[in-house]
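In case you want the letters, here they are:
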Amino acid sequence: MRAGWIALFVLLFISPGWAQTKLSVHWEELTAADFQSAIEQSKGTCLLPFGILEKHGPHLPLGTDLLDVRYVALNAAQQEYALVFPQYYFGQIFEAKHQPGTVAYSARLQLDLLQETTDEMARNGCQKIIIVNGHGGNEHLLPFFAQSQLEKPHDYVVYVMGIVASPGGPAKKTAVDMHAGESETSKMLISSPNLVHIDRTNQESGADQARLKLPDTLYTGIWWYASFPNHYSGDGAAATRELGEFEMKAWQDAIVTAIRAVKSDDESLKLQNEFFERAGHPLDTKQ
Ligand SMILES: [Zn+2]
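What you see is a predicted model, and the numbers here were worked out from it, not measured in a lab. Residue positions are given per chain, counted from 1 along the sequence in the order it is written. Owing to the predicted nature of the model, reporting of local features is limited to residues with pLDDT of at least 70; listing and counting of side-chain atom pairs is limited to 80 or more, with chain, interface and lining totals taken over all residues. Hydrogen atoms and water are omitted, and side-chain values are computed over all heavy atoms in the structure.

Points about the packing of helix α4 (residues 64-79) against helix α9 (residues 241-263)
Note on method: axes are straight lines fitted to C-alpha atoms, helices fitted across the in-contact stretch only, with angles between N-to-C directions ranging 0 to 180 degrees. Secondary structure elements are defined from DSSP: runs of H or I of at least 4 residues count as helices, runs of E of at least 2 residues count as strands, and each element is numbered from the N terminus. For the pair α4 and α9, the least separation of the axes is 9 Å and the interaxial angle reads 50°. Classed by the angle they form, the pair α4 and α9 counts as oblique. Taken as a pair, α4 and α9 cross one another with a handedness that is right-handed. When α4 is examined against α9, the residues Asp68, Val69, Tyr71, Val72, Ala73, Asn75, Ala76, Ala77 and Gln79 are found in contact with a partner set consisting of Met248, Trp251, Gln252, Ile255, Val256, Ile259 and Arg260. We call two directions roughly parallel when the angle between them is under 35 degrees, roughly antiparallel when it is over 145, roughly perpendicular when it lies between 65 and 115, and oblique otherwise. Take the far helix as your reference; a near helix turned counterclockwise from it by less than a right angle gives a left-handed crossing, and one turned clockwise gives a right-handed crossing. Throughout, a residue-residue contact means that at least one pair of heavy atoms, one from each residue, lies within 4.5 Å.

Shown next, in the form of structure tokens:
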């Protein structure tokens, strides 16, 4: 009987499992030794939440996209363990250069910095990198970046998770809602309620000014400025915590699903390796 109690004591208080503290998902919070454990625990799966610094209407902070994407990515990584890279906001935002506080690096630097960032993540064991996008202006940049990973061999895989749509949920009150409007303001009420100045939502117009008349088949970079020169699309006053909770939960759930899928994906890297091997001598590819 006494031996049993001793065994129980050892099991509860001395075994290494008991002493182990839960690993942080924040890259910058880990010691070097804990980082090694984190790579192991995450199966080399790392998140790169990608925000931006740009105006968000008259009532939301410049870092809105960064704050929101980090909120959901960090929560998702705690639910399904993955390592989360520190603040990253070096994306495409030329269309807001006329507004105060916008940080718009050159196109070349955006691509180089992202490549070197994922290269460095991979060199440290992140064999599977999920870029979680939080900013609409990155939606063209990121698939291009992912595609350009086939330019030359890489020993890691880049996965891009675009902006997540969340149909269903509470009925929305506004029809135009592309930037700092009902949806985005609602999400900020969840991630950073203290930074939402709801009393300022109507200081500027978020209506579509429709100054360009072109068919849908044509894309031109100035389209956004033509429609929304105040960098505000919609009406933040329509925001509710209920909508924010629904949309943030849907986003977080989608990231958890993505982390699980990536952790169990052994095919992408295998196929990538096969592709690069064959790309070295295309004339041997059977026709
Ligand atoms: Zn935004």
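Section: the coordination of the zinc ion
Because water is not among the atoms used, a metal site may look incomplete, as its donors are only the N, O and S atoms within 2.8 Å, or 3.2 Å for Na, K and Ca. In the first shell of the zinc ion, the protein supplies His56 (NE2), Asp65 (OD) and Glu184 (OE), at 1.8 to 2.0 Å from the metal. In primary-sequence terms, the residues that donate to the zinc ion follow H-x8-D-x118-E. Of this pair, histidine 56 sits in the loop between β1 (45-50) and α4 while glutamate 184 sits in helix α7 (residues 182-191), placing them 128 residues apart in sequence. Accessibility assignment for this pair places histidine 56 and glutamate 184 in one class, buried. Burial classes follow relative accessibility: with a 1.4 Å probe on protein chains only, a residue under 20% of its type's maximum area counts as buried, one over 50% as exposed, and anything between as partly exposed.

So, the packing of α4 against α7
Where α4 contacts α7, the axes come no closer than 10 Å and their chain directions differ by 60°. One element, α4, and the other, α7, form an angle in the oblique class. For α4 against α7, the interelement crossing comes out left-handed. Where α4 approaches α7, its residues Thr64, Asp65, Leu67, Asp68 and Tyr71 are matched on the opposing element by Glu184, Lys187, Met188, Ile190 and Ser191. Under the scheme applied, nonpolar residues are Ala, Val, Leu, Ile, Met, Phe, Trp, Tyr, Cys and Pro; charged residues are Asp, Glu, Lys and Arg; polar residues are all the others, including Gly. Per-class residue counts for the contact of α4 with α7 are four nonpolar, two polar and four charged.

Considering the sheet that holds strand β2 (residues 83-84)
Spatial ordering of the open sheet is given by β2-β1-β3-β4, a layout of four strands whose pairing is parallel. Looking at strand neighbours, the two that pair on one side only are β2 and β4 (157-161), the edges of this open sheet. Strands qualify as paired when DSSP identifies two bridges or more between them.

Notes on the side chain of asparagine 133
You can see asparagine 133 is positioned in strand β3 (residues 128-133). Residue asparagine 133 is classed as buried on the basis of its relative accessible area, which comes to 0%. Any pair of nitrogen or oxygen atoms within 3.5 Å is treated as a polar contact; in protein, a donor-acceptor pairing is required on top of that, and neighbouring residues in sequence qualify only through side-chain atoms on both sides. For asparagine 133, the side chain forms a polar contact with the side chain of asparagine 138, separated by 3.3 Å. Here glutamate 139 takes part through its side chain, which lies 2.7 Å from a polar atom of the side chain of asparagine 133. The residues touching asparagine 133, leaving out its near neighbours within four places in the chain, are Phe50, Val69, Asn138, Glu139, Leu142, Met161, Gly162, Ile163 and Trp251.

With respect to the state of the cysteines
Pairs of cysteine sulfur atoms within 2.5 Å are identified as disulfides in what follows. Scanning the model with the defined rule gives one disulfide in all. The disulfide bridge from cysteine 46 ends at cysteine 126, spanning 2.1 Å between sulfur atoms. The sign of the S-S torsion, about -80°, decides the handedness of the disulfide formed by cysteine 46 and cysteine 126: left-handed. Taken together, the positions of cysteine 46 in strand β1 and cysteine 126 in the loop between α5 (107-123) and β3 put the pair 80 residues apart, joining distant regions of the chain. Overall, cysteine 126 belongs to the buried group, its relative accessible area being 0%.

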